[in-house]
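What follows is each chain in one-letter form.
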Amino acid sequence: MKYLKILGALLLLASCASHYHMTGIERTRMLIDKRYDAQPVAEAQAFIAPYQHEVDSIMSPVVGTIAKYMAAHKPESELSNLMSDILVWGGAKYNEQPDFAIYNVGGIRAGFAAGKVTFGNVVDVAPFENKICFLTLTGAKVLELFSQLASRGGEGVSRGVELRIADGRLLSARLHGKDIDPQASYRIATLDYLAQGNDGLVAFKDGTNLVSPQTEENNVRFIIMDYFRAEAAEGRIVDANIEGRIVSETSTDGIPLGN
């Protein structure tokens, strides 16, 4: 650490004394694919070798099994359904009973292949430092939230949510077989990133009774792993299906809700 501080100070002094000025920035793209595996670079392999075993020992343990290949897409997908359901399941650890959950499709960065799921596979799917959180919205704000979700073409929603959307508009919304009561309160599980109003879901900013633990163990990737382990302990293979949680209509009839 001492030497890094010294090096930093020297670089700072050098930059202050420099007579060079930036005149422009250029960039290019390099596709990294299997062609580079055809001719391995010995120096690069030697550099990586000391770290390979440690990385493999962390990433290779199996946390569970999944029934089929799953990827995330809009308006609804098996994987976005699964991720949202896991957030609801995760509420028990925090003495929470969410009415529903939302998980943004953009936060799901890979798919699961059928078969064994490893620690590394979960990290690929959920690489960000997003934490689980819980908040309360009025029914009026829930309708506003669902309207914003419709404008994005859909996101991950948990079981019990039934939305019909068309042309970026919300046509209808039901929750657990009932219409949304504008005067009622609804408890929601989501990611802290979304609770801050990101990805256009600004209705979340009006949330109350926020529970947003920020320690590392509350990262959603660990909650996902816990879910897989819990299912494996019961001898179950993780599965999810498209259930009509979000149905995109081709017609343009209907009146947007929440406006």
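This is a predicted model, so every value here is computed, not measured.

Participant: Please set out the sheet that holds strand E6 (residues 161-166) residue by residue, giving values where relevant.
Facilitator: If you trace the four strands from one edge of the open sheet to the other, you get E8-E7-E6-E11, paired in mixed fashion. Bordering the open sheet on either side are strand E8 (178-179) and strand E11 (246-248), each of which pairs with just one other strand. Pairing analysis gives two bridges linking strand E7 (residues 169-175) to E8, with the strands arranged antiparallel. From the neighbouring strand, Arg174 faces E8, where its bridge partner is Asp179. Of the strands in this sheet, E6, E7 and E11 touch helix H5 (residues 139-151), which is tilted by about 130 degrees from E7.

Participant: Any chance you could break down H5 for me, citing the residues and the numbers?
Facilitator: Under the 1.5 Å per step criterion, the end-to-end length of H5 is 18 Å for 13 residues, consistent within 8% with the ideal 18 Å. Every buried residue belonging to H5 is among Gly139, Val142, Leu143, Leu145, Phe146, Ser147, Gln148, Leu149 and Ala150, and all of these are buried. Following H5 by one or two positions, Gly153 adopts a phi angle in the positive range, close to 80 degrees.

Participant: For the packing of aromatic side chains, give the residues involved together with the corresponding values.
Facilitator: Considering all chains together, one arrives at seven aromatic pairs under this definition. Consider the rings of Phe47 and Tyr51, whose centres lie 6.0 Å apart with planes at 55 degrees: the pair is tilted. In this pair, Phe47 and Tyr51 both sit in helix H2 (residues 42-59), four residues apart, roughly one turn of the helix. The class for Phe47 is exposed, based on a relative accessible area of 59%. Aromatic pair Trp89 and Tyr227: ring centres 5.3 Å apart, planes at 80 degrees, arrangement edge-to-face. One end of the pair, Trp89, is in helix H3 (residues 78-90); the other, Tyr227, is in helix H7 (residues 220-233), with 138 residues separating them in the sequence. You can call Tyr227 buried: its relative accessible area is 13%. Three or more aromatic residues joined by ring pairs form one cluster here, namely Trp89, Phe112, Tyr227 and Phe228. In this structure, Arg221 packs its charged tip against the face of Phe222, placed 6.0 Å from the ring centre.

What counts and how
Residues numbered from 1 in each chain as written. Predicted model: local features only at pLDDT ≥ 70, side-chain atom pairs only at ≥ 80, totals over all residues. Heavy atoms only, no water. Pairing = 2+ DSSP bridges. Helix = DSSP H or I, 4+ residues; strand = E, 2+ residues; numbered from the N terminus. Contact = heavy atoms within 4.5 Å. Axes fitted to C-alpha atoms, helices over the stretch in contact; angles between N-to-C directions. Expected span 1.5 Å × (residues − 1). Buried < 20%, exposed > 50% of the residue type's maximum accessible area, 1.4 Å probe, protein only. Phe/Tyr/Trp six-rings, centres within 6.5 Å; stacked < 30°, edge-to-face > 60°. Lys NZ or Arg CZ within 6 Å of the ring centre and 35° of its normal.

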